[in-house]
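Observations on the model geometry
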Amino acid sequence: MGAGHGHTHDHGHGHAHAPADFGNAFLIGIVLNTAFVVIEAIYGWISGSMALIADAGHNLSDVLALLLAWGASAAAKKPPSERFTYGFKSSTILAALLNAGLLLVAIGAILFETLHRIAQPATVQGETMAIVAGIGIVINAGTAALFMRGQHDINIRGAFLHMAADALVSLGVVIAGLAIIWTGEAWIDPVVSLAIVLVIAWSTWGLLKDSVAMSMLAVPKGISEADVRAYLAALPGVEALHDLHIWPMSTTETALTVHLVMPGGHPGDSFLAKAAQDLDHHHRIGHSTFQIETSRAVCVACC
């Protein structure tokens, strides 16, 4: 009973949408990309290719991003404690937000050096560019494939976007290297580097927007507040509802609280269990809390 209100609080929990185990995928991706960053940076310096160096810098941010995402995924599986009663589930949201920030830093650094190269073009070895970037296509595309099945999780989607964008960027560097071999024009390298910045910026915007929204406890993408409200309002015995809140507990788990005005009396545990199950199966809300109010007067006072 709520203090002074005569409310009944009931909690319904569907199956938890815990993050899938991508531990091996993260480990493989980190090892491969760390090795490639070293190779790409060395040969970028040797060949004088700003496109290669730019891609190496971005790949380095990808390694950090994979580490962040991996750490958050592991932390999200830890059980709740007296201090952190939700556990560390929201760490996956923080990791996605930090990953977007890392991409912004990479964009700024690459853009600065690219503009310098456009003003002062340097001699570039097209053959080295094409070969090294070709290796990058294989590594980045292979790593992206490891995270293909986790697109519903923004934390995993962040890792996937990092690697998929890199595969496209490496393809662009290969094309630039071949173009330099055929034409001998050094300006092609910084122009491709500028295109790399645009690709990274495009992939970053969606991740940044979604991660900021989740950190502000917005209703997660794919869940319609209006549909959830309509479902709850149509439940038998519900005359009105208020204080409906839907928010992300993590990048894979969503919670809901709502006050249901039911003048006919408390509907019983089976009603609450069925409502929680439906919200889980049809709206991907796995943690539901219902407050039943049997007095219309309480509803008017709360509203």
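Above this note sits the structure.
In short, a report on the structure. (Residues numbered from 1 in each chain as written. Predicted model: local features only at pLDDT ≥ 70, side-chain atom pairs only at ≥ 80, totals over all residues. Heavy atoms only, no water.)

Some words on the overall build of the protein
Selection criterion: Only DSSP runs of H or I reaching four residues or more are called helices, and only runs of E reaching two or more are called strands; each is numbered from the N terminus. Throughout, exposure labels follow a simple rule: accessible area from a 1.4 Å probe, protein chains only, divided by the maximum for the residue type, with under 20% read as buried, over 50% as exposed, and the rest as partly exposed. When checking whether two residues touch, look at their non-hydrogen atoms; a contact exists if any pair is within 4.5 Å.
When you go through the protein residue by residue, the secondary structure sums to nine helices and four strands. Element order for the protein, N to C, with α for helix and β for strand: β-α-α-α-α-α-α-α-β-β-α-β-α. Here the protein holds 303 residues, and the buried ones make up 48% of them. Long-range pairs, those at least 24 residues apart, make up 76% of the contacts in the protein between residues at least 6 apart in sequence.

Comments concerning helix α6 (residues 188-215)
Put simply, the rule reads: A helix's residues, less one, multiplied by 1.5 Å, set its expected span.
A rise of 1.5 Å per residue sets the reference length of α6, with its 28 residues, at 40 Å; its end C-alpha atoms lie 40 Å apart and thus fit the reference within 8%. Two residues or fewer after α6 comes L217, characterised by a positive phi angle close to 65 degrees.

Thoughts on the nonpolar core
Quick note on the threshold: Nine residue types can take part in a nonpolar core, namely buried Ala, Val, Leu, Ile, Met, Phe, Trp, Tyr and Cys, and a core is a set of them joined through side-chain atoms within 4.5 Å.
Counting 29 residues, the largest nonpolar core has L52, M129, V173, I188, I196, I200 and L207 as the members making the most contacts within it. Mapped by element, the contributors of at least two residues to this core are α2 (50-76), α3 (91-119), α4 (126-146), α5 (154-183) and α6. Of all the elements, α6 adds the most residues to this core, at eight residues. Core analysis: the next-biggest nonpolar cluster, separate from the first, contains 21 residues, V228, Y231, L235 and L241 among them.

Thoughts on the layout of surface pockets
Heads up, the rule is: Both cavities and pockets are sets of points on a 1 Å grid over the protein atoms alone; in a cavity a 1.4 Å probe fits but cannot get out, in a pocket the set is open with protein on both sides within 12 Å along at least five of seven lines, and lining residues sit with an atom within 4 Å of a point. Grid points are joined across faces, edges and corners, and a volume is the space filled by probe spheres set on the points. Residue type decides the class: Asp, Glu, Lys and Arg count as charged, Ala, Val, Leu, Ile, Met, Phe, Trp, Tyr, Cys and Pro as nonpolar, and the leftover types, Gly among them, as polar.
Reported here for the second largest pocket is a volume of approximately 200 Å³. Around the second largest pocket, the lining is made up of 13 residues, and of these Y86, S90, L217, P248 and M249 lie nearest the centre. Taken together, the elements giving at least two residues each to the lining of the second largest pocket come down to α3, α6 and β2 (240-248). Its residues assigned to classes, the lining of the second largest pocket comprises nine nonpolar, four polar and no charged.

Re the packing of helix α1 (residues 23-47) against α4
Selection rule: Lines are fitted to the C-alpha atoms to define the axes, a helix being fitted only along its stretch in contact, and any angle between axes, read from their N-to-C directions, falls within 0 to 180 degrees. To sort the angles, those under 35 degrees are grouped as roughly parallel, those over 145 as roughly antiparallel, those from 65 to 115 as roughly perpendicular, and the leftovers as oblique. Crossing handedness is read from the near helix: turned anticlockwise from the far helix by less than a right angle, it gives a left-handed crossing, and turned clockwise, a right-handed one.
Running from N to C, α1 and α4 cross one another at 165 degrees; their axes reach a closest spacing of 10 Å. Taken together, α1 and α4 sit at an angle that is classed as roughly antiparallel. Regarding α1 and α4, the two cross each other, and that crossing is left-handed. Contacts between α1 and α4 involve A25, I28, G29, L32, N33, F36, E40, Y43 and S47 on the former and, on the latter, T128, V132, I135, G136, I139, N140, T143 and L146.

Here we look at the environment of N140
Tracing the chain through its elements places N140 in helix α4. Given the relative accessible area of 0%, N140 is considered buried. Along the chain, N140 and G29 lie 111 residues apart, while their C-alpha atoms are 8.3 Å from each other. The residues contacting N140, other than those within four sequence positions of it, are N33, F36, N59, M163, D166, A167 and S170.

Let's talk about the packing of aromatic side chains
Put simply, the rule is: Ring pairs shown here join Phe, Tyr and Trp side chains whose ring centres sit within 6.5 Å, with only the six-membered ring taken for Trp; geometry is labelled stacked below 30 degrees between planes, edge-to-face above 60, and tilted in between.
Counted according to the given criterion, the structure contains three aromatic pairs. Summarising the aromatic geometry, the rings of F26 and W70 are spaced 6.2 Å apart at their centres and angled 15 degrees between planes, so their arrangement reads as stacked. Taken together, the residues span a long stretch of sequence, with F26 in helix α1 and W70 in helix α2 at a distance of 44 residues. The class of F26 is buried, set by a relative accessible area of 0%. A residue is classified by how much of its surface remains accessible, and W70, at 30% relative accessible area, is partly exposed. Seen from their ring centres, F26 and F147 are 4.9 Å apart, and the 50 degrees between their planes marks the pair as tilted. Pair noted here: F26 is in helix α1 and F147 is in the loop between α4 and α5, with a separation of 121 residues, a long-range link. Taken together, the aromatic side chains of F26, W70 and F147 make up a single cluster linked through ring pairs.

Section: unusual backbone geometry
Not every positive phi belongs to a glycine, and L217 is a case in point at roughly 65 degrees. Tracing the sequence through the fold places L217 in the loop between α6 and α7 (225-233). Even without being a glycine, D243 presents a positive backbone phi close to 50 degrees. Its place among the elements puts D243 in strand β2. By relative accessible area, which is 35% here, D243 ends up partly exposed.

Some points on a nonpolar patch on the surface
Keep this limit in mind: A patch consists of residues exposed above 30% relative accessible area that lack any salt bridge, with like charges linked at up to 9 Å and nonpolar side chains (Val, Leu, Ile, Met, Phe, Trp, Tyr) linked at up to 5 Å. Surface exposure here means Shrake-Rupley accessible area, sampled with a 1.4 Å probe, where a residue is shielded only by the protein chains that are shown. Salt bridge, as applied in this entry: a Lys or Arg side-chain nitrogen positioned within 4 Å of an Asp or Glu carboxyl oxygen.
On the surface, V38, I39, I42, Y43, W45 and I46 cluster together into a nonpolar patch covering about 640 Å² of accessible area. Note that I46 resides in helix α1.

Remarks on the side chain of D210
Note that D210 resides in helix α6. Since its relative accessible area comes to 9%, D210 is described here as buried. Filtering out sequence-adjacent residues up to four positions away, D210 remains in contact with I154, R157 and K221.

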